[in-house]
Amino acid sequence: MVISLVAGALWAMLPAYVPNNVAVLAGGGRPIDAGRTVGGRRLLGDGKTWRGTAAGTLAGVALALVLNAVRPSVATAFGVSLPSFPLRAAVGLALGAMLGDIGASLLKRRIGRERGAAVPGLDQLDFVGGALLLTLLLAPSWTLSTFTPARLVVVLVATPLLHVVTNAGAYLLGLKTEPW
Ligand code: CTP
Ligand code: MG
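The structure presented is a predicted model; accordingly, all values stated were derived computationally and were not measured.

Conventions adopted
Residues numbered from 1 in each chain as written. Chains lettered and ligands numbered in written order. Predicted model: local features only at pLDDT ≥ 70, side-chain atom pairs only at ≥ 80, totals over all residues. Heavy atoms only, no water. Near = heavy atom within 4 Å. Polar contact = N/O pair within 3.5 Å; in protein donor to acceptor, adjacent residues only side chain to side chain. Areas by Shrake-Rupley, 256 points an atom, 1.4 Å probe, with all protein chains shown as cover. Helix = DSSP H or I, 4+ residues; strand = E, 2+ residues; numbered from the N terminus. Nonpolar A, V, L, I, M, F, W, Y, C, P; charged D, E, K, R; others polar. Buried < 20%, exposed > 50% of the residue type's maximum accessible area, 1.4 Å probe, protein only. Salt bridge = Lys/Arg side-chain N within 4 Å of Asp/Glu carboxyl O. Lys, Arg positive; Asp, Glu negative; His and termini not counted. Contact = heavy atoms within 4.5 Å. Expected span 1.5 Å × (residues − 1). Axes fitted to C-alpha atoms, helices over the stretch in contact; angles between N-to-C directions. Parallel < 35°, antiparallel > 145°, perpendicular 65-115°, else oblique. Left-handed = near helix turned anticlockwise from the far one by under 90°. Patch = residues over 30% accessible without salt bridge, like charges linked within 9 Å, V, L, I, M, F, W, Y side chains within 5 Å. Core = buried A, V, L, I, M, F, W, Y, C linked by side-chain atoms within 4.5 Å.

### Thoughts on the site of ligand 1
Near ligand 1 you find 17 residues, and of these Lys48, Thr49, Ser105, Arg115 and Gly116 are the closest. Between a nitrogen atom of ligand 1 and a main-chain N or O atom of Gly47, the distance comes to 3.1 Å. Gly116 is positioned such that a nitrogen or oxygen atom in its backbone is 2.7 Å from an oxygen atom of ligand 1. The protein chains hide 89% of the 560 Å² of surface that ligand 1 would expose on its own. Where the shell around ligand 1 is concerned, the elements lending two or more residues are α1 (2-26), α2 (50-78) and α3 (87-110). Broken down by element, the shell around ligand 1 gets its largest block of residues, four residues, from α3. The class makeup of the residues in the shell around ligand 1 is two nonpolar, eight polar and seven charged.

Here you go:
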């Protein structure tokens, strides 16, 4: 019961979790804001690039398709119920995660935080907010039936923990310049 709840919640969010990590690996090149500044501060900063955003989004969508393919066997093997992803939901989760993270950078630059500065809470949940919002727009009924209140609670509790652990890991591996 609890296992099924946690498994279902994390499974539903996987296409939103992966884009940020892929962006870290694939990032670089032209920044989205092309160096533009607003009031002396960068619009987004060098940490938001076209390449990272595109690679992250594609990876999230591709992962959703892989999850769709393996879902029946995984669900049977572990005796849990897992959601499948219509394409619109996959795009919503992956692109929404990237847009949420970009939105947070926009906000961080406006409040004077330089690229890489940590804003606890925002850093861990920006992509969840973006993913849920865009998915709600692109696939409303799928989103409402997939993200039940119980699953949402699991997502809001587990995501910050997972985020902290994976980013600390990426930092220790030398893939990221800050541990958040
Ligand atoms: N990245 C990217 N494009 C994105 C998101 C991330 O290229 N849309 C890459 C960048 O190389 C970035 C790294 O992933 O430096 C880490 O991402 P993140 O922590 O989100 O960016 P920061 O550099 O910390 O910048 P910010 O303060 O704006 O979050
Ligand atoms: Mg950062």
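### Points about unusual backbone geometry
Positioned with a positive phi, Ala34 is a non-glycine residue whose angle comes to about 50 degrees. Relative to the elements of secondary structure, Ala34 occurs in the loop between α1 and β1 (37-38). On the basis of relative accessibility, which here comes to 40%, the residue Ala34 falls in the partly exposed class.

### A short note on the pattern of salt bridges
Tallied over the full model, the rule gives four salt bridges. With its nearest N and O atoms 2.9 Å apart, the salt bridge here joins Asp46 to Arg42. Residue classification places Asp46 among the partly exposed positions, given a relative accessible area of 40%. The partner of Lys108 in a salt bridge is Asp123, and the shortest N-O contact between them spans 3.0 Å. Here the residue Lys108 occupies a position in helix α3, and Asp123 occupies one in helix α4 (residues 122-138), the gap between them amounting to 15 residues. Put simply, Asp33, Arg42 and Asp46 are held in one network by salt bridges that share partners.

### Quick notes on the side chain of Arg109
By the element assignment, Arg109 lies in helix α3. Despite its burial, Arg109 remains without a salt bridge, the nearest opposite charge being carried by Glu114 at 5.7 Å. Here Arg113 takes part through its backbone oxygen, which lies 2.7 Å from a polar atom of the side chain of Arg109. Within the structure, the side chain of Arg109 is placed 3.1 Å from the backbone oxygen of Glu114, a separation counted as a polar contact. Each residue touching Arg109, except ones within four places of it in the same chain, is listed here: Arg41, Arg42, Leu43, Leu44, Gly45, Glu114, Arg115 and Gly116.

### Considering α3
Given 3.6 residues per turn, any residue in an α-helix points the same way as the ones three and four places further on. Between the first and last C-alpha of α3 there are 34 Å, a value that for 24 residues agrees with the 34 Å anticipated at 1.5 Å per step. Looking at the residues trailing α3, positive phi occurs at Gly112, about 85 degrees.

### Thoughts on the packing of α1 against helix α6 (residues 149-172)
Following both chains from N to C, one finds α1 and α6 inclined at 45 degrees, their axes separated by 9 Å at the closest point. Judged by the angle between their axes, α1 and α6 are oblique. In this structure, the crossing between α1 and α6 has a hand that is right-handed. For the pair α1 and α6, contact is made by Leu5, Val6, Gly8, Ala9, Leu10, Met13, Tyr17 and Asn21 and by Ala150, Arg151, Val154, Val155, Ala158, Thr159, Leu162, Thr166 and Asn167, respectively.

### With respect to a nonpolar patch on the surface
A contiguous nonpolar patch, built from Met1, Val2 and Val6 and spanning about 350 Å² of accessible area, is present on the exposed surface. Along the polypeptide, Val6 turns up in helix α1.

### Quick look at the nonpolar core
Formed by 27 residues in total, the largest nonpolar core has its most connected members in Met13, Phe85, Leu93, Trp142 and Phe147. Mapped onto this core, the elements with two or more residues apiece are α1, α2, α3, α4 and α6. Sort the elements by how many residues they give to this core and α1 lands first, with six residues.

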